[in-house]
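Observations on the model geometry
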Amino acid sequence: METVDLHVHSDCSDGTMSPAKLVAYACQKGLRAFALTDHDTVAGLPEAFAAAEGTALEVIAGIEFSTEYHGKDIHIVGLDIDYQSAEFCERLTRFQDSRDVRNEKMIRKMQEDGIDISHEQMEAAFGDAVWTRAHFARYLMDHGYVAEMPEAFEKYIGENCRYFVPREKVTPVQAVHLISSTGGIPILAHPMLYHLPEAEMDELLASLRKAGLIGIEAIYSTHSALDENLVRQLAKRHGLLISGGSDFHGSNKPYIDLGVGRGNLRIPYHVLTNLRSRRKQQ
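Quick summary incoming for the structure in this document. Here the residue numbering is sequential within each chain, running from 1 through the sequence in written order. Given that the model is predicted, a residue must reach a pLDDT of at least 70 before its local features are reported, and side-chain atom pairs must reach 80 or more before they are shown or counted; all residues, however, enter totals for whole chains, interfaces and linings. Only heavy atoms go into the side-chain values, all of them from the structure, while hydrogens and water stay out.

**A look at the pattern of salt bridges**
Which entries qualify depends on this criterion: Throughout this description, the term salt bridge denotes a Lys or Arg side-chain nitrogen within 4 Å of a carboxyl oxygen of Asp or Glu. Numbering of helices and strands runs from the N terminus; a helix is a DSSP stretch of H or I covering at least four residues, while a strand is a stretch of E covering at least two. When a residue's accessible area, from a 1.4 Å probe over protein chains only, is under 20% of the maximum for its type it is buried; when over 50% it is exposed; and in between it is partly exposed.
Tallying each qualifying case throughout the model produces 13 salt bridges. A salt bridge links Glu58 to Arg32, with the nearest nitrogen and oxygen atoms 3.6 Å apart. Placement of the pair is Glu58 in strand β3 (residues 58–69) and Arg32 in the loop between α1 (19–29) and β2 (33–36), with a sequence separation of 26 residues. With relative accessibility at 26%, the residue Arg32 sits in the partly exposed group. Overlapping salt bridges, with partners in common, bring together Glu2, Arg32, Glu58, Asp80, Arg276 and Arg279 in one network.

Listed below in structure tokens is the structure:
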């Protein structure tokens, strides 16, 4: 069975493998295709496409938008996006600017409490990647403030912690519109991680379906069989198709492997072809 992975991160956001290394690893794993879906950036796509030339691997142009819904962080994955379109690039730059402002505020708050951190130190550690809170967690671990990255979220940068700074985010509906406007396929990522009450999830999905949402991520690394079944029921109720991905981050999530998640993830190629067929119909 040919398999795909429709949710993968490189070191252009909070993964640890370069796009080229991801391509090599995907070939090694025997994947038919994978989507590079870095957080709020498409910077890694040219490198990934170049690395895949001459191989049997299909690289899918993707992105993962961080959006806000009723105070919760909701992620929208876009597949087959036209990442070079002028409108898309202009709006993406605005999203990235809001993240940069948030990051500078976090650095200043930490500095005020004596934490040895600066923009220059972060840049030396992570270069021009789009910095997420995972980068701050890695920095705090590497500099001895925490033993493991999850501890950084628990003590320093989680939503209820001293150094958490919210940023201006787009809404899920806006992200779906933007992905659709480039001819892309909008997907609601890992719905079970939001812990939304059933009525609130139905409300969200109804609004996103109306905006053009095509799929929902049912096949996911941390989903139990019950979770996957519940998401499949949601998909059926709202007329959505199934998507799937490992959410691979390299050594930042060492328990999740490319293409197979925690070992038993399998996403058939027809999941991708079904999504593409639905997009053509809309």
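**Quick word on empty space enclosed by the protein**
Inclusion rule: Note on definitions: the grid is 1 Å and covers protein atoms alone; a cavity is a set of points where a 1.4 Å probe fits but cannot get out; a pocket is an open set with protein on both sides within 12 Å along at least five of seven lines; lining residues have an atom within 4 Å of a point. Grid points are joined across faces, edges and corners, and a volume is the space filled by probe spheres set on the points. Throughout, the ten residues Ala, Val, Leu, Ile, Met, Phe, Trp, Tyr, Cys and Pro are labelled nonpolar, Asp, Glu, Lys and Arg are labelled charged, and all others, Gly among them, are labelled polar.
Evaluated as defined, the whole model comprises two cavities of 30 Å³ or more. Estimated volume of the largest cavity: approximately 40 Å³. Asp40, Phe65, Ser66, Phe95, Arg167, Lys169 and Val170 together form the lining of the largest cavity. A class-by-class count of the residues in the lining of the largest cavity yields three nonpolar, one polar and three charged. Empty space within the second largest cavity amounts to approximately 30 Å³.

**Section: the pairing of strand β4 (residues 72–79)**
The following threshold applies: Any two strands are treated as partners once DSSP identifies two or more bridges connecting them.
Judged by how many residues are buried, β4 sits mostly within the fold: six of eight residues are covered. As paired strands, β4 and strand β5 (residues 185–188) are joined by four bridges and run antiparallel to one another. Bridge pairing in β5 links Val77 to Ile187.

**Some words on unusual backbone geometry**
Backbone geometry places Asp40, a non-glycine residue, at a positive phi of 55 degrees. The topology assignment puts Asp40 in the loop between β2 and α2 (45–52). Given the relative accessible area of 2%, Asp40 is considered buried. Phi at His195 takes a positive value of approximately 55 degrees, unusual for a residue other than glycine. Inspection of the secondary structure assignment puts His195 in the loop between β5 and α8 (198–211).

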